[in-house]
Amino acid sequence: MNKFDRTIVNLAYVAIVLTVIGQCTVGSNFYIGQVAYLVANIVNCSRDIYLRRPKADKIKNFTFLGITIGLIVLNLIRG
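Summarised in this report is the structure supplied together with it.

Calculation rules
- Residues numbered from 1 in each chain as written.
- Predicted model: local features only at pLDDT ≥ 70, side-chain atom pairs only at ≥ 80, totals over all residues.
- Heavy atoms only, no water.
- Phe/Tyr/Trp six-rings, centres within 6.5 Å; stacked < 30°, edge-to-face > 60°.
- Helix = DSSP H or I, 4+ residues; strand = E, 2+ residues; numbered from the N terminus.
- Buried < 20%, exposed > 50% of the residue type's maximum accessible area, 1.4 Å probe, protein only.
- Axes fitted to C-alpha atoms, helices over the stretch in contact; angles between N-to-C directions.
- Parallel < 35°, antiparallel > 145°, perpendicular 65-115°, else oblique.
- Left-handed = near helix turned anticlockwise from the far one by under 90°.
- Nonpolar A, V, L, I, M, F, W, Y, C, P; charged D, E, K, R; others polar.

Our focus in this paragraph is the packing of aromatic side chains. To describe a pair of aromatic rings, you give the distance between the ring centres and the angle between the ring planes. In this structure the tally under the stated criterion is two aromatic pairs. Where Phe4 meets Tyr50, the ring centres are 5.4 Å apart and the plane angle is 85°; that geometry is what we call edge-to-face. Of this pair, Phe4 sits in helix 1 (residues 3-25) while Tyr50 sits in helix 2 (residues 30-50); the two residues are 46 residues apart in sequence, bridging distant segments of the chain. On the basis of relative accessibility, which here comes to 49%, the residue Phe4 falls in the partly exposed class. In this structure Tyr50 comes out as partly exposed when scored by relative accessible area, which is 36%. Here the aromatic rings of Phe30 and Tyr31 are separated by 5.3 Å at their centres, their planes lie at 85°, and the arrangement is edge-to-face. Overall, the relative accessible area of 23% leaves Phe30 in the partly exposed class.

Quick look at the packing of helix 1 against helix 2 now. Put simply, helix 1 and helix 2 touch, their axes get as near as 8 Å, and they point 155° apart. What the angle tells us is that helix 1 and helix 2 run roughly antiparallel. In the crossing of helix 1 with helix 2, the sense of the turn from one axis to the other is left-handed. Its residues assigned to classes, the contact of helix 1 with helix 2 shows 16 nonpolar, six polar and two charged.

Below, the structure is given as structure tokens:
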């Protein structure tokens, strides 16, 4: 495994940290929490594509990405 591949694999840890940050902050500051989720979901989706993960993983992570984007947009619309 080359260095770039190892970096992509290790990005899972970044996604975990961002998910925890999102969990801890979404109640007190919606946008900070949702942006943490958004970045974590983008990382996970990117990893799924690059690492050619199974279709189920891609569906799960792209679904979570869509939900996160939807929540941010709905909150912006509601003001």
